[in-house]
Amino acid sequence: MFENARFLASSNTVSRLPLAIRAEVAFVGRSNSGKSSAINALTGRKALARVSRTPGRTRQINLFEIEPGMALADLPGYGYARAPAHLRNGWHSMVTEYLHGRPQLIGLVLVMDARHPLTPLDRQLLEWLQPAGKPVHALLTKSDRLSQAEAARVLNSLGPKLAAFDLPISAQLFSSRTRLGVEEARQRIRDWLASGTGQAPGIRTMQRKTPG
């Protein structure tokens, strides 16, 4: 499935994204958390999703088809303070529209640096997603930069914190460099896509500022 991945579309307007997709899994996280690298590791492709050393470089929603009618979505990262205000505001409106109005969305992969998990902006995003009830799977990326014991402690301590959110949510250690956790993450996404119809209820509008 993942080895067949191909670039499908890129847009900063949700209405211009392909409608033929039946089920879609979105990758979201802070700028420079490793979203694009995670997508490349999962698909076994070195440059399917463009990786930049400059945080905040992804400014559009990029879709990658992995099977006919099934896709991964790479959303712009949030929390890059040096981005001009108009770009941060553009992120708010585009991603809000995507999360509220993209019926194909069946689950989200929250990418967090294992050394700095569950930042205030990550918490804000999870709180904002609660009314939808869509499943969330957290990838603790760059976990190879921690010792095995440190990584285990981070994962174990994160469990109770994630359980506080009213969401179906899970987490795992992940490393794009060593490929730690790649097959586990693939299986989670396969399960979502196998059961997903792309017709999950939309997120109710909340009077809460989105992360950025």
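Quick notes on the rules
Residues numbered from 1 in each chain as written. Predicted model: local features only at pLDDT ≥ 70, side-chain atom pairs only at ≥ 80, totals over all residues. Heavy atoms only, no water. Core = buried A, V, L, I, M, F, W, Y, C linked by side-chain atoms within 4.5 Å. Buried < 20%, exposed > 50% of the residue type's maximum accessible area, 1.4 Å probe, protein only. Helix = DSSP H or I, 4+ residues; strand = E, 2+ residues; numbered from the N terminus. Expected span 1.5 Å × (residues − 1). Arc of directions from axis to C-beta. pLDDT = per-residue confidence, 0-100. Contact = heavy atoms within 4.5 Å.

*Asks:* Hey, could you run me through the nonpolar core in this one?
*Replies:* Buried together is how nonpolar side chains tend to be arranged in soluble globular proteins. Core analysis: the largest hydrophobic core is formed by 35 residues, its most contacted members being Ile61, Tyr98 and Leu99. Sorting the residues of this core by element identifies strand S2 (23–29), strand S3 (61–67), helix H2 (85–101), strand S5 (105–113), helix H3 (120–129), strand S6 (136–141) and helix H4 (148–163) as the ones contributing at least two each. Ranked by residue count, the leading element in this core is H3, at five residues.

*Asks:* It is not clear to me how H4 should be interpreted in this structure. Could you clarify?
*Replies:* Residues three or four positions apart in an α-helix share a direction because the helix packs 3.6 residues into each turn. The end-to-end C-alpha distance of H4, which contains 16 residues, comes to 23 Å, matching closely the 22 Å that a straight helix rising 1.5 Å per residue would cover. Regarding H4, the residues found buried are Ala151, Val154, Leu158 and Leu162. Looking straight down H4, one finds its buried side chains confined to an arc of 60°; they lie on one side. Within H4, the exposed residues directed more than 90 degrees away from the buried face are Arg153, Asn156, Pro160 and Ala163.

*Asks:* Would you take a moment to explain the confidence of the model for the chain for this structure?
*Replies:* Caution applies to low-pLDDT parts of the model: their predicted coordinates are not meant to be read in detail. Mean pLDDT for the chain: 84, with 82% of residues reaching 70 or above. Overall, residues 52–56 carries pLDDT values under 50, and its contacts beyond four positions in sequence, including any with other chains, amount to seven contacts. Confidence drops under a pLDDT of 50 for residues 197–210, and excluding neighbours within four residues, the segment shows 33 contacts in the predicted structure.

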